[in-house]
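If you want the building blocks of each chain, they are given just below.
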Amino acid sequence: MNRRPRLLATAAVGATAALLLTGCGGGGGGSKGNDKIAGADTGGETSASPSASATESAERPKIELPSDLTYTFEWPKTGDESKDAVLSDSEQFIKAVDMAIAEQDPLHKAYRFYSEGTAAAGSQKFIQEFVDYKDRITGAKRYYNANVKINTDGTAGFVYCEDQNKAYNKSLKTGKTEVTPKSKDNYVLYNSRLRVNKQGVWITEKLTSQRGSTACQS
């Protein structure tokens, strides 16, 4: 029997999971002493924002999730149009991956609307693991400690934390939920790189993760 997929809120699996968390002081097995939420990814920070005012004009996919899966996004508005758009579109990407899992569709158009490159490839692989095991995600997820930087090259870096302690795997075959105990491994640090497309949507191109992050347990 295949090994049951380990719960992750967003897809940061396969090759992308092993990448260095740029600006976060940690990699796959790095020291936790420098595990701080600093900047994110490549490029320098700039106060000039790329045009991203079209965030409401794009034909966005409708996100529909199971009623037993809830989210708390402790990502306060920054007042910067581009940064707030990064926060909003990243939230939609997270939910879109979970919707693809719930609908058992590794090629779901919703998450592909919000991702490209290694982030999209990692998402597909991650979703496929749930499909193979006939599982989906249930419970409650919490996201916090968001840090967004708009880079001079037109990309954005986004670092954030997730608390998975109240989120679990649910079998679609039996309907049973696998309730797991609270663990430091349920605190995950994410680092993503995004770019804004012609529709004004911030697309996640690269996504890495680190479980058991001390920066997310403080």
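Residues numbered from 1 in each chain as written. Predicted model: local features only at pLDDT ≥ 70, side-chain atom pairs only at ≥ 80, totals over all residues. Heavy atoms only, no water.

Under an unreviewed UniProt entry, the protein has the name Lipoprotein and belongs to Streptomyces sp. R35.

A few words on the nonpolar core. Residues Trp75, Val86, Phe158, Tyr160 and Trp202 are the most contacted members of the largest nonpolar core, which totals 39 residues. Broken down by secondary-structure element, the contributors of at least two residues to this core are β1 (69-73), α1 (81-102), α2 (109-113), α3 (117-133), β2 (135-150), β3 (155-163), β6 (187-196) and β7 (202-211). Top contributing element to this core by residue count: α1, with 10 residues. Membership of the second largest hydrophobic core comes to six residues, among which are Tyr144, Val159, Cys161 and Tyr187. (Core = buried A, V, L, I, M, F, W, Y, C linked by side-chain atoms within 4.5 Å. Buried < 20%, exposed > 50% of the residue type's maximum accessible area, 1.4 Å probe, protein only. Helix = DSSP H or I, 4+ residues; strand = E, 2+ residues; numbered from the N terminus.)

Let's shift gears to the state of the cysteines. Counted by the stated rule, this structure contains one disulfide. Here Cys161 engages in a disulfide with Cys216; their sulfurs sit 2.0 Å apart. As the torsion about the S-S bond is roughly -80°, the Cys161-Cys216 disulfide counts as left-handed. One end of the pair, Cys161, is in strand β3; the other, Cys216, is in the segment after β7, and 55 residues separate them in sequence. When sorted by exposure, Cys161 lands in the same class as Cys216, which is buried. (Disulfide = S-S within 2.5 Å.)

Once that is clear, we can look at the environment of Thr208. Within the fold, Thr208 resides in strand β7. Separated by 86 residues in sequence, Thr208 and Gly122 have C-alpha atoms that sit 9.6 Å apart.

What follows deals with unusual backbone geometry. Non-glycine residue Gln104 carries a positive phi angle of around 55°. The phi dihedral of Lys134 is positive, around 60°, even though this residue is not glycine. Of note, Lys134 is situated in the loop between α3 and β2. Of the residues examined, Lys134 reaches a relative accessible area of 38% and is grouped as partly exposed.

Here the focus is the pattern of salt bridges. Pairs can form between side chains of opposite charge whenever their charged atoms are close. If you walk through the whole model with that rule in mind, you get 11 salt bridges. The partner of Asp89 in a salt bridge is Arg60, with the nearest N and O atoms 2.8 Å apart. Remark: Arg60 occurs in the segment before β1 and Asp89 occurs in helix α1; sequence separation between them is 29 residues. You can call Arg60 partly exposed: its relative accessible area is 27%. (Salt bridge = Lys/Arg side-chain N within 4 Å of Asp/Glu carboxyl O.)

Applying the stated criterion across every chain yields a total of 11 aromatic pairs. Between the aromatic rings of Phe126 and Phe130, the centroid separation amounts to 5.2 Å while the plane-to-plane angle is 75°, which identifies the pairing as edge-to-face. Here the residue Phe126 and the residue Phe130 both occupy positions in helix α3, the gap between them amounting to four residues, near one helical turn. Comparing Phe126 with Phe130, the two get one shared label, buried. Between Tyr143 and Tyr160 the ring centres are 6.2 Å apart and the planes differ by 55°, which places this aromatic pair in the tilted class. On the criterion of sequence distance, the pair formed by Tyr143 in strand β2 and Tyr160 in strand β3 is long-range, its members being 17 residues apart. The exposure classification of Tyr143 matches that of Tyr160, with both residues buried. Among the aromatic residues, those joined into a ring-pair cluster are Tyr71, Phe73, Trp75, Tyr143, Phe158, Tyr160 and Tyr190. In this arrangement the basic side chain of Lys95 is found over the ring face of Tyr71, its NZ or CZ atom lying 5.5 Å from the centre. The positively charged end of Lys173 is found above the aromatic ring belonging to Tyr133, 5.6 Å away from the centroid. (Phe/Tyr/Trp six-rings, centres within 6.5 Å; stacked < 30°, edge-to-face > 60°. Lys NZ or Arg CZ within 6 Å of the ring centre and 35° of its normal.)

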